[in-house]
Amino acid sequence: MTITASELAAKLGGAIEGDGSVALSAVGGLEEARPGDLSFCKDVKYVKIVAGTKASAILLPLDWKDHVPCAAVIRVDDPNDACMKAAEIFAPPAPVRTPGVHPTAVIDPSVKLGKDVYVGAYTVIEKNTEIGDGAIIDAQVFIGENCRVGAKTLVYPQVTLREGTIVGKDCIIHCGVRLGGDGYGFNNGRHPDGSIFIEKIPQLGIVEIGDGVEIGSNTTIDRARIGRTYVGPMTKIDNLVQVGHNVKIAGYSGLIAQSGIAGSTQIGMGCLIWAQAGISGHIKIADGVQVGPQAGVPQSIDEPGKYVIGTPAQSLRDVAAISLAPKMISKLRSDVKELKADVAALKGA
Amino acid sequence: MTITASELAAKLGGAIEGDGSVALSAVGGLEEARPGDLSFCKDVKYVKIVAGTKASAILLPLDWKDHVPCAAVIRVDDPNDACMKAAEIFAPPAPVRTPGVHPTAVIDPSVKLGKDVYVGAYTVIEKNTEIGDGAIIDAQVFIGENCRVGAKTLVYPQVTLREGTIVGKDCIIHCGVRLGGDGYGFNNGRHPDGSIFIEKIPQLGIVEIGDGVEIGSNTTIDRARIGRTYVGPMTKIDNLVQVGHNVKIAGYSGLIAQSGIAGSTQIGMGCLIWAQAGISGHIKIADGVQVGPQAGVPQSIDEPGKYVIGTPAQSLRDVAAISLAPKMISKLRSDVKELKADVAALKGA
Amino acid sequence: MTITASELAAKLGGAIEGDGSVALSAVGGLEEARPGDLSFCKDVKYVKIVAGTKASAILLPLDWKDHVPCAAVIRVDDPNDACMKAAEIFAPPAPVRTPGVHPTAVIDPSVKLGKDVYVGAYTVIEKNTEIGDGAIIDAQVFIGENCRVGAKTLVYPQVTLREGTIVGKDCIIHCGVRLGGDGYGFNNGRHPDGSIFIEKIPQLGIVEIGDGVEIGSNTTIDRARIGRTYVGPMTKIDNLVQVGHNVKIAGYSGLIAQSGIAGSTQIGMGCLIWAQAGISGHIKIADGVQVGPQAGVPQSIDEPGKYVIGTPAQSLRDVAAISLAPKMISKLRSDVKELKADVAALKGA
């Protein structure tokens, strides 16, 4: 949304100085701001950075004295706080999803839609599926047979839920998420004649997502071989994450972008798996464990709250010991050189 | 599917004890099972874990004597075997795709559909494409011009095949797979005036997928710069895998989740690339090589069947040598300290 | 496209020898080529590889004398050059997108479509969005409210642009790209009663993509918390890449497959982030920096043009020092052993 500096000052309860007619449409940090942006500074120690900003307007505290290069200044008690309020004003309005079913949605007659559900254009919902009250199923979504989506859950466009998937209430499922794909499971070996065979193991289970879970764009969570792959309540999953079949995530955990959890692994309560980390299959991670970025965890971690890094993942101390090795070796080499000289002298004596 | 313990016992040929009316709808391991689940135990050594299970019913061997906390017990000869049968009973029924074309599918008149093909709602198939007998093209799929999809291949919802892509028979392509995107290729340098230029290199080839290949959710396989990116028969690819342009995978290999293979690399027969591993471009990997999780392979591997780990990928022995370094250094430091004392004493003598 | 060797020779201005009626449909390297392929060789030093090729026809220089196993030979001045021309002839024809809106597209009346725009089947474009002249919005795309897509930009099938996203002109957005998903941001802590809370931080900003940017299949770029996530002009992003909220990429950079950039990080001009590399949040990367494959960058890199590898990312020299540690330690151990013997002898003397 675009607004003049004067209008914005009025909305923020601030005092305008300079050209109140300048049009503003976004918030930008002092260094990245462009013409048309509002920036902000609370502390005079950034005066040099302020002097270089390209923002058209700036939020400053009441006692700021130095010159600023912006067309307009808005004086406020707390520039950080006012900036957050301005960001809400500039934010693209969240699309309104008035309850109702788009005429192009293909919904099987057996589907049970709750009250005040929204279903967008070209969405497909197959038989025996139930959608809870107030849920929003956006455009171009595919929901297979026998699924359940909880009340007030928001499913963004182009998500797929394969048959039997269960999603709790108050969840947010971002674009391109794939729930319930077949787990990766094959039997292989050799026929009596020596030729290789590879046989698919039927993936007979489901995916179940607890209440209040958020799942980021293009993340994939596979259905269980038998039973359920489970993501517990309030777990927050970022983009492009892989959750293998039969994984159990107790709840209240975070999985950051591009991390992966292999099949049948159990993650305790309140864990944090950082970006690009990988956790092997068939292991258990205790409550509150943190796995650092790009770490690889080959074995169970039994100690609650432990922080591990590296591949294979270990404590910070153990990783540091390896990175210090070159320095230690260099010191040892000079010691040994000196000793050799001493011993040669002694032998000569 | 929900079924009573008595009905299940009858289907499994087992004997019911306790409350046969208890409703069951899933299989769960002893520790994860919830009320409504069936669990199983074959061996009396797990008696303590059995004592804590929350399962409503349990499959036990005929000679089990200890108390169990479940409402119902089903006695069978082989609890593991019976459990697999129960899992099949509970499994969400696979959706039936009766041959036919959904009226909303947009299919160019030049497209050749085989016998008994299924095409789902809102799928788009462009001109000159051929779909083999018995293939299932699910809802919301996009298949570009001049593609060929083999007999009995199953394409799940929201897959895209760019123009010219060839998929063999008996393949399974999971949701969100992208076949035939442009390979990453640019010429860059500087104009005579010093300004940078970046020019796209036309990606003129195709993707060809052999028979019996399975490709996991949201995996991407790029079209060749010229010729073909090739995934050989019976290769099984997991979720979120990247296969670059002009890669050749001979066949019968496995690529686990989030692994990536850079452009023009050749993978031999029967290789296994573990999760999050990366293989550089323009190299060759011999038959039967295994690349460990998160390993990074910068150079060709000529030795068939070699197992490598780490980045840069090397043998287990070489990686172990590095991880043992801190311990070795510690030992060396105490040796050197002792030697210094000895030498000092000798010099003093 | 399939063509006979004679027809191809005529198109390339070459001289045909052998069976000019053989049908050709693709280019293949000497080793991978199959019957029906055209291969090529410029240099007689590959004569043995030529002798084993399965190609049906081959491009050879005028002075090539050795026997070849192909049905047809096409003599040309420059086989490499002729091969590129042949690849263009064989390439699946790029689909023609004649300007116009498919009758099934659901486009809000408030949307402003430029001149000569193409909109494919089942695409959804929501209110107040603007599409520039000559843009191609392919089938099954979702473009939310208040977006802007620049002139001549090509959006492949099954892309999603959430509300407020801005894409420049001359961009290419591949299948499955997700622009404008919510950034990963949560406040968490404990209630006075000790229970955990996790609250979503509103993501009020947008994604802005500069001119000439290409974004690979299934890549995700999150909207800013406030302000904009920015991808500068001519940046080329590969498949399955993650760009976090509030990241700023100055321009002319390359992000290779499966790499990830965490929130609020700034990437200078002309950087190259190799495959599977990860860059932490809230740091700055100087112009021209290269981050090696699988590297992990925890801290800002201030030195323009620096090349870093490893996790934590460091110079090639520092990484080499660690990988040399086992060899150095082995040498030290033999030195120390020798010294001990010498000292023991001296003490005994």
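Basis of the calculations
- Residues numbered from 1 in each chain as written.
- Chains lettered and ligands numbered in written order.
- Predicted model: local features only at pLDDT ≥ 70, side-chain atom pairs only at ≥ 80, totals over all residues.
- Helix = DSSP H or I, 4+ residues; strand = E, 2+ residues; numbered from the N terminus.
- Rg over C-alpha atoms; globule rule 2.2 N^0.38 Å.
- Buried ≥ 20, exposed ≤ 12 C-beta atoms within 10 Å, placed from the backbone.
- Contact = placed C-beta atoms within 7 Å.
- Least-squares fit on C-alpha atoms with pLDDT ≥ 70 in both.
- Nonpolar A, V, L, I, M, F, W, Y, C, P; charged D, E, K, R; others polar.
- Axes fitted to C-alpha atoms, helices over the stretch in contact; angles between N-to-C directions.
- Parallel < 35°, antiparallel > 145°, perpendicular 65-115°, else oblique.
- Left-handed = near helix turned anticlockwise from the far one by under 90°.
- Pairing = 2+ DSSP bridges.
- pLDDT = per-residue confidence, 0-100.
- Expected span 1.5 Å × (residues − 1).
- Arc of directions from axis to C-beta.

The number of helices and strands found in chain A is four helices and 39 strands. For chain A, whose C-alpha radius of gyration is 29 Å, the value lies well above the compact-globule estimate of 20 Å for 349 residues. Each principal axis of the C-alpha atoms in chain A carries an extent, and together these give about 90 × 85 × 35 Å. Counting every position in chain A, which comprises 349 residues, the buried fraction comes to 56%. Restricting to contacts in chain A with at least 6 residues of sequence separation, those with at least 24 account for 20%.

Between the two copies, chain C and chain B, the superposition gives an RMSD of 0.0 Å; the rotation angle is 120° and the shift along the axis is 0.0 Å. On the angle and the small slide along the axis, the relation comes out as a three-fold axis.

Next up on the list: the interface of chain A and chain C. Listed per partner, the contact involves 49 residues of chain A and 52 residues of chain C. Going through the elements one at a time, β4 (26–27), α3 (79–90) and α4 (316–348) of chain A are the ones with two or more residues in the side of chain A that touches chain C. With 13 residues, the top contributor of residues to the side of chain A that touches chain C is α4 of chain A. Residues that form the side of chain A that touches chain C fall into these classes: 27 nonpolar, 15 polar and seven charged.

On the side of chain B, 51 residues touch chain C, which itself brings 49 residues to the contact. Put simply, the parts of the chain that give the side of chain C that touches chain B at least two residues each are β4 (26–27), α3 (79–90) and α4 (316–348) of chain C. Within the side of chain C that touches chain B, the residues separate by chemical class into 27 nonpolar, 15 polar and seven charged.

Moving on, we get to unusual backbone geometry. Of note, the bond from threonine 311 of chain A into proline 312 of chain A is cis; its omega dihedral lies within 30 degrees of zero at -5°. Take proline 312 of chain A: it is sitting in the loop between β39 (307–308) and α4. Residues other than glycine seldom take positive phi values, yet asparagine 246 of chain A does so here, at roughly 65°. The topology assignment puts asparagine 246 of chain A in the loop between β29 (242–243) and β30 (248–251). For leucine 240 of chain B, which is not glycine, the phi torsion reads 60° and is therefore positive. Mapped onto the fold, leucine 240 of chain B is located in the loop between β28 (236–237) and β29 (242–243).

Where α4 of chain A contacts helix α4 (residues 316–348) of chain B, the two axes come as close as 9 Å, and the packing angle between them is 25°. On the basis of the axis angle, α4 of chain A is roughly parallel to α4 of chain B. In the crossing of α4 of chain A with α4 of chain B, the sense of the turn from one axis to the other is left-handed. Class assignment of the residues belonging to the contact of α4 of chain A with α4 of chain B gives a composition of 19 nonpolar, one polar and five charged.

Attention now goes to the sheet that holds strand β7 (residues 72–76) of chain C. Residue and element names in this part refer to chain C. Taking strand neighbours across the sheet as the criterion, the five strands line up as β2-β7-β6-β5-β4 in an open arrangement whose pairing is mixed. Two strands lie at the open edges of the sheet, namely β2 (15–18) and β4, each paired on one side alone. Note that strand β5 (residues 37–40) and strand β6 (residues 57–61) share three bridges and pair parallel. Counterpart to leucine 38 in the pairing with β6 is alanine 57. Relative to β7, helix α1 (residues 5–12) is tilted by about 5°, and along the sheet it contacts β2, β5, β6 and β7.

The strands making up a sheet associate through backbone hydrogen bonding, with each pair oriented either parallel or antiparallel. Residues and elements named next belong to chain A. One open sheet accounts for ten strands, arranged β9-β12-β15-β18-β21-β26-β29-β32-β35-β38; its pairing is parallel. The open sheet terminates on both sides in strands that have one partner only, identified here as β9 (106–107) and β38 (296–297). Relative to strand β12 (residues 124–125), β9 runs parallel, the two sharing two bridges. Considered in β12, the bridge of valine 106 is made with valine 124.

The next point concerns the confidence of the model for chain A. Per-residue confidence for chain A gives a mean pLDDT of 94; residues scoring 70 or more make up 100%. Both confidence scores are given for the complex: pTM 0.94, ipTM 0.93.

All names here are of chain A. Its twelve residues place the ends of α3 16 Å apart at the C-alpha level, agreeing with the 16 Å of an ideal helix rising 1.5 Å per residue. Here α3 has its buried residues at Pro79, Ala82, Cys83, Ala86, Ala87 and Phe90. The buried side chains of α3 occupy one side of the element, clustering within an arc of 150° when seen end-on. Contacts from the buried residues of α3 go to α1 (5–12), β4, β5 (37–40), β6 (57–61) and β7 (72–76).

Attention shifts here to the environment of lysine 248 of chain C. Relative to the helices and strands, lysine 248 of chain C is located in strand β30 (residues 248–251). In this structure lysine 248 of chain C comes out as buried when scored by C-beta crowding, with 24 C-beta atoms within 10 Å. Among residues more than four places away in sequence, those in contact with lysine 248 of chain C are Glu32 of chain A together with Tyr230 and Gln266 of chain C.

Take α1 of chain A next. Residue and element names in this part refer to chain A. Listed as buried for α1 are Ala5, Leu8, Ala9 and Leu12. Looking straight down α1, one finds that the buried residues subtend no more than 100° of arc, so they occupy a single side. Positive phi shows up at glycine 13, right after α1, with a value of about 70°.

Turning to the pairing of strand β27 (residues 228–231) of chain B, a few remarks are in order. Residues and elements named next belong to chain B. Side-chain alternation along β27 places Arg228 and Tyr230 on one buried face and Thr229 and Val231 on a second face that is also buried. One ladder, built from four bridges, connects strand β24 (residues 206–209) with β27; its direction is parallel. Each bridged residue has a counterpart across the sheet, and for isoleucine 209 the counterpart in β27 is valine 231.

Residue and element names in this part refer to chain B. The interhelical angle for the contact between helix α1 (residues 5–12) and helix α3 (residues 79–90), taken along N-to-C directions, is 120°, at an axis separation of 10 Å. As the angle between them shows, α1 and α3 are arranged oblique. The element α1 and its partner α3 pack so that their crossing is right-handed. Each of Leu8, Lys11 and Leu12 in α1 lies in contact with α3, whose residues at this interface are Ala82, Lys85, Ala86 and Ile89. For the contact of α1 with α3, the residue count by class is five nonpolar, no polar and two charged.

Another aspect to go through is the pairing of strand β23 (residues 196–200) of chain C. With five bridges connecting them, strand β22 (residues 186–190) of chain C and β23 of chain C associate as antiparallel partners. Looking across to β23 of chain C, one finds that asparagine 188 of chain C is bridged to isoleucine 198 of chain C.

Here we come to the environment of aspartate 37 of chain A. Residue and element names in this part refer to chain A. With respect to the secondary-structure elements, aspartate 37 resides in strand β5. Since 24 C-beta atoms lie within 10 Å of it, aspartate 37 is described here as buried. In this view, aspartate 37 contacts Leu24, Ala26, Val27, Gly28, Ala55 and Ser56; residues no more than four positions away in its chain are not counted.

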